[in-house]
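These are the residues of each chain, in order.
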Amino acid sequence: MTHNKFHSFRRGVLACLGLVIAMDAARAQQPLMAPIPPIPRFVEETEAAGLQSRFEGEDEYMVGGGVATFDCAGNGLPSVYVTAGVNKAKFYRNRSTRGGPIKLLEERSGLELTNAIGAYPIDIDGDGITDMVVLRVGEVQVFRGLGSCKFERANDAWTVQTGNAWHTAFSATWERGQSWPTPAFGTYYDRSRPDFPWGSCTPGLLFRPAASGTGYAPPTPLVPSHCALSMLFSDWNRSGEASLRVSNDREYYKNGQEQLWHVAPGQAPALYSPAEGWKPLQIWGMGIASHDLDGDGFPSVFLTSMADNKLQKVAAGAKQPTYSDEAFRRGITAHRPYVGGDIHPSTAWHAQFADVNNDGLTDLFVVKGNVSTMPDFATLDPNNLLLQQTDGHFFEAGQQSGVASFKRGRGGMMVDLNGDGLLDMLVVNRWDKAQLWRNLGAGTAKEPVPLGHWLQVRMAQADGNRDAVGSWVEVDLGEPSSRVIRQELTVGGGHASGHLGWMHFGLGALTEARQVRLRVQWPHGEWSAWQSVTADAFYVMDKERGIGPWKAP
Amino acid sequence: MRTSFLALGLAAIFSTLVAQAQTSVPLIPPVSISAPQPSAYSAAVATEWFDLALLLTQQTPGFSPPVAARALGYLGLTLYESVVPGMPQNISLAGQLNELNSLPWAQPNEALHWPTVANAAMATMSRMMYSNTSAENKARIDLLERSLPLKYGQDFDPNTVTPDITNRSETFGKLMAMAVMTWARTDGGHEAWGPLRRSRANYVPPSGAGKWSATPPAFTAPLLPWWGEVRPFVLKAASDCPAPPPLAYSEQTTSAFYKSADEVYRVSNMATQEQRQFALYWADDPGKTPTPAGHWAFIANDLLKQRKANLALAAETFAQLNMAMSDAFVAGWDSKYKLNVLRPVTYVQLVIDSNWVPTLMHTPPFPDYPSGHSVQSSAAATVLDQVFGANTAFVDNTHNDRGWGPRSFKSFKAAANEAALSRLYAGIHYRFGVEGGQVQGQCVADKVLALKFKR
């Protein structure tokens, strides 16, 4: 080998090594090879929209802080119900102009309550009008929707008596053959033991429809219960039957863990066991988000905690509820503030998967905030907006998008409040005002511009489960991405916050015809045929009538 | 030619990497940051914190021997769990200990400085575990946390430990301490010094021949009668390691029980100067010393310093030793209050000499059998045999400051035997209580040593 050839060879090797090292370094940190996803711009419109709510309260109000969004006015725009702890929970009718600034008008609805910490809209009595479940420090109150955004208390009529515990979690499913849902309520620790709360978690409750066909039978205690802060009925293995996932707070339980309950028709609820593949996990569980992230047909579960957030993926197929933690691999640990200079661990509450930039890749929204003034946890703890990249990693865009609030976040919701196809953001903050941001996409406040195509669909069927909760909706994006995305329609999860109504799908880039195909697996198993729809529009998918466009009144 | 070959190779590697990057989920294994492992650092952080823990144990109200052993157990576990993510050959004990299924884990792509992690974890845990200590002692905790990085420059080299790494390490250490504390609060022994917060009626000692009753001179109420129900670290239940059955109670002069009590009476009355010294040396009274568990922790700490041990070894040692001692107290207390054997002073006064009291020390306010000191000394010696080797001769400097040492021992077992028998010399335990305690302690240690620390 000549001197020059040697140097040539050495340069080649060094270049090769350098490239490998550089590639490894790039992959080790935020992967540079996947392009940064389009970052939506948000503008805060709390004051302008007329949202005036503060979640107040001392010890018993350290958890909760929920918000519910639902269309009770029939205008296709979700109205907002915000809990406020010891303050009065308020209902806001949505008076926004489509595509314009968000306008909320406080209105007396019958939902005005104190001690409210969480809220989930759901049509309990199957009359086609949305009802409401309000979690409280004290008895849960259920409200029957009367239409035109009016509600009346229905605990007695429906025989829903929960007692005076600290109610912190809710979810519901329609069991096969039932026209009324099966609601589950989670509770926190014994309110009479504030001096020594540890190990005093009180039982959750599972209500089943009464044999009479109206209201409920006396509840079944969910024992053991471990201070649940979030619950979600979800068909984790696509069996056609939802199981109850419960996220529990290790701060107070004794011998507790995360839980998954079998809730089989006619049978007592039973925990999935290690023999069935369930692996014990202990975290400061506070919120659940669920979504089929990787297209395998099974929902992955994001669990919020105190700096110990998990992304659980079904690891052993449909037969075993065995999960692997993918949080680190996906860059989704969200364990400390990403901006603001506070180096302490984060405290995460509400979590929700949603496509905020309409690129066809589901993103993750996490609400953060110190429990109170815990010195060893971040005080300046911004909410996360983690945008999924093409390689499956997530990119933190909270600061760039303008939603990095440093208040003590609790519940929240990503929801399209002004009907423009872009998901807006609501956050409830402890000891502070609730906040609202409008999603402008790539545009301006005057002219929002979606970053990609979108589709919003509302499910409908006759009798009982009118909103078809438990459906799986699949959208075949066709060219150019050739992907099928899917969502499960659930009631529950997040942190004390729920939404009922439009299911939002970001579609990304499409061909000029903007056509995609959609099909639905209705609750308990039947698939619809594929239906062609045009993007950037609203549709109602009715089990009997098929799919049809929805036009704003 | 060679350059073309390289270019082709380069292109192949590049395209492979790009292909990997474009899969729907990246094939990226957890990144291992090449930060030094805990074994690369001295044990100074550990030994300094246990030095302080022993002082806090002695000076904090309510830290009776079982409470003290529990606190040291949680501190040992916290130390180990805070650094085990940096020990690739080791595993967490979560999943092996009762009701502890999982603990937070360090992020694989964040370099941590293990002495800083341990320092923050121990400071946080000390604050929570000794929350009722004096303001002066709380200041000592703060001071130690701040001063350790300055005192041990070789372990806290500011040239390599950047502020970013320090911040990350501190937050992980605190998080681990808080996670362990959430578990600790539900073991039934949390804040045992506080007002009765458990849903239980006051303890009523059983009555009957041979049953324990309060002892002179103070006739103090029984200490921690429910401590046997405290969740052990390792034993599935306290009853997993029961003490062997005690001698059958009898007041017949020919009975084994009578002879055993008579032995206490005679031996304590006629104790040699050396035996009296043993008795006082191993008294390890709360308030005056770091209690029996603190005594053994001191011995271990001293040996780790003398042998210039590393942080990894110190962490594993304190986890094993301190959890064994805590479980020994739980098992011992379970047996004590289940069997309720009366103390020698009560028996002797009833049957042999109504005016007799032990002359060296007051009888502790709880049932005799088994001797708690014997249980936990036996457990401690068995663990230290495993860590440092059987027949390890050592010098015990625990009580040098009190003017009672140093004392040399040819082995840990020899020290444990002396500690056990000292209770007989002191007139507060029967020989069968001492011997039964040693059997129980061995059982506890065997179960702790069966924990899986290595992959």
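Here the structure is a predicted model, which is why all the values come from computation and not from measurement.

Chemist: Teacher, can you tell me more about the overall build of chain A here?
Modeler: Of the regular secondary structure elements, chain A holds 4 helices and 38 strands. Scaling as 2.2 N^0.38, a compact globule of 553 residues should have a C-alpha radius of gyration of about 24 Å, and chain A matches this with 23 Å. Along the three orthogonal principal directions, the C-alpha set of chain A runs to about 95 × 55 × 50 Å. Counting every position in chain A, which comprises 553 residues, the buried fraction comes to 56%. Counted over contacts in chain A with a minimum sequence separation of 6, partners at least 24 positions apart contribute 60%.

Chemist: Sorry, what's going on with the confidence of the model for chain A here?
Modeler: Close inspection of predicted coordinates is inappropriate in any region flagged by low pLDDT. Summary statistics for chain A give a mean pLDDT of 93 and a share of 94% for residues scoring 70 or more. Under a pLDDT of 50 for its full length, residues 1-31 of chain A has, in the predicted model, 30 contacts with residues more than four places off or in other chains.

Chemist: Mind showing me how you'd approach the packing of helix H3 (residues 65-83) of chain B against helix H10 (residues 311-339) of chain B here?
Modeler: Residues and elements named next belong to chain B. H10 packs onto H3 with a crossing angle of 150° between their chain directions and a minimal axis gap of 7 Å. Taken together, H3 and H10 sit at an angle that is classed as roughly antiparallel. The element H3 and its partner H10 pack so that their crossing is left-handed. Within the contact of H3 with H10, the residues separate by chemical class into 19 nonpolar, 4 polar and 2 charged.

Chemist: Sorry if this is basic, but what is going on with helix H4 (residues 114-129) of chain B here?
Modeler: Because each turn of an α-helix spans 3.6 residues, side chains separated by three or four positions in sequence point in the same direction. For H4 of chain B, which comprises 16 residues, the first-to-last C-alpha distance of 22 Å matches the rise-based estimate of 22 Å (1.5 Å per residue) to within 8%. In terms of residue burial, H4 of chain B counts as a mostly covered element, since 14 of its 16 residues are buried.

Chemist: Please clarify how the sheet that holds strand E33 (residues 498-500) of chain A should be interpreted in this entry.
Modeler: Sheet strands pair by backbone hydrogen bonding; their relative direction is either parallel or antiparallel. Residue and element names in this part refer to chain A. Ordered in space as E5-E4-E3-E2-E33, the 5 strands form an open sheet in which the pairing is mixed. A strand with exactly one partner marks an edge of an open sheet, and here the two such strands are strand E5 (104-106) and E33. Ignoring strand direction, the axes of neighbouring strands in this sheet form an average angle of 20°. Relative to strand E3 (residues 79-82), strand E2 (residues 67-70) runs antiparallel, the two sharing 4 bridges. The residue bridging Phe-70 from the neighbouring strand is Ser-79, located in E3.

How each quantity is defined
- Residues numbered from 1 in each chain as written.
- Chains lettered and ligands numbered in written order.
- Predicted model: local features only at pLDDT ≥ 70, side-chain atom pairs only at ≥ 80, totals over all residues.
- Helix = DSSP H or I, 4+ residues; strand = E, 2+ residues; numbered from the N terminus.
- Rg over C-alpha atoms; globule rule 2.2 N^0.38 Å.
- Buried ≥ 20, exposed ≤ 12 C-beta atoms within 10 Å, placed from the backbone.
- Contact = placed C-beta atoms within 7 Å.
- pLDDT = per-residue confidence, 0-100.
- Axes fitted to C-alpha atoms, helices over the stretch in contact; angles between N-to-C directions.
- Parallel < 35°, antiparallel > 145°, perpendicular 65-115°, else oblique.
- Left-handed = near helix turned anticlockwise from the far one by under 90°.
- Nonpolar A, V, L, I, M, F, W, Y, C, P; charged D, E, K, R; others polar.
- Expected span 1.5 Å × (residues − 1).
- Pairing = 2+ DSSP bridges.

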